[in-house]
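Fold and geometry: a report
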Amino acid sequence: MAYDYHSTSSFVTGPVAPLSGTGVMSEYDVTSAVEKTLDQIPAIKLTLGIPLYGYGWESLSPVPRSAIIPNTGLAVSNRSAEELLSSCQNCTVKLDNQANEKYISSFEQDTNDYKTIFYPDKDSTQAKIDLANKLELNGIALWALGYEGNSILNPLEKYINK
């Protein structure tokens, strides 16, 4: 399981499955977790769990790792994030380069705070597949099917056919 590095109960906004950034932008990341696991378990026995969801919060600022408003966290499927982006007039999408995960930010006038949603997409999925291939892991698994939007599963076409 290479996800839930942030959750609905986190104190700051952030990616559910940051690819890198340990010690710089996050306490831990997917790459570090897999590499440490490989010290104990052979790659052939390791399957990398990849999320199809992220989390959203009301926050004090539109930047990653900003303080959240307590009890505002919610799980957001990749599909829900895509649907929001198709209809949201004041949403901006940015990339957290260190984590290799996108986030949506919008200012909410009625609550006078920001809504920040980190979510995986086809690019973050491809990066995790690339990591699994590079480290010669046994495979990947997705959590949870039914959460996918239009393109997040596209990288699997090449992975399945390799």
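Above this note sits the structure.
Scope of this entry: the structure provided in the associated data block. Since the model is a prediction, treat every value here as computed from it, not as a measurement. (Residues numbered from 1 in each chain as written. Predicted model: local features only at pLDDT ≥ 70, side-chain atom pairs only at ≥ 80, totals over all residues. Heavy atoms only, no water.)

Another aspect to go through is unusual backbone geometry. Residue Ala144 is reached from Trp143 by a cis peptide bond, and omega for that bond is 0 degrees. The residue Asn112 is not glycine, and still its phi comes out positive at about 55 degrees.

On to the state of the cysteines, then. Summed over all chains, the structure comprises one disulfide. Disulfide pairing is shown between Cys88 and Cys91; the S-S distance is 2.0 Å. Measuring the twist about the S-S bond at about 80 degrees, one finds the Cys88-Cys91 disulfide to be right-handed. Neither Cys88 nor Cys91 differs from the other in exposure class; each is buried. (Disulfide = S-S within 2.5 Å. Buried < 20%, exposed > 50% of the residue type's maximum accessible area, 1.4 Å probe, protein only.)

Secondary-structure assignment places Leu142 in strand E7 (residues 139-143). Each residue touching Leu142, except ones within four places of it in the same chain, is listed here: Ile50, Leu52, Leu153 and Leu156. (Helix = DSSP H or I, 4+ residues; strand = E, 2+ residues; numbered from the N terminus. Contact = heavy atoms within 4.5 Å.)

Bringing the packing of aromatic side chains into the picture now. Going through the model one piece at a time under the given rule, you end up with six aromatic pairs. Centroid distance Tyr53 to Tyr147: 6.2 Å. Interplanar angle 90 degrees. Geometry classified as edge-to-face. Taken together, the residues Tyr53 in strand E2 (residues 53-59) and Tyr147 in the loop between E7 and helix H4 (155-160) connect sequence positions 94 residues apart. What makes Tyr53 buried here is its relative accessible area of 6%. (Phe/Tyr/Trp six-rings, centres within 6.5 Å; stacked < 30°, edge-to-face > 60°.)

Okay, the layout of surface pockets next. A volume near 170 Å³ is recorded for the largest pocket. Looking at the largest pocket, the residues that line it are Tyr5, His6, Ser10, Phe11, Val12, Met25, Ser26, Glu27, Tyr28 and Arg65. Residues belonging to the lining of the largest pocket are distributed by class as follows: five nonpolar, three polar and two charged. (1 Å grid on protein atoms, 1.4 Å probe; cavity = no way out; pocket = protein on both sides within 12 Å on 5 of 7 lines; lining within 4 Å. Points joined across faces, edges and corners; volume = space filled by probe spheres on them. Nonpolar A, V, L, I, M, F, W, Y, C, P; charged D, E, K, R; others polar.)

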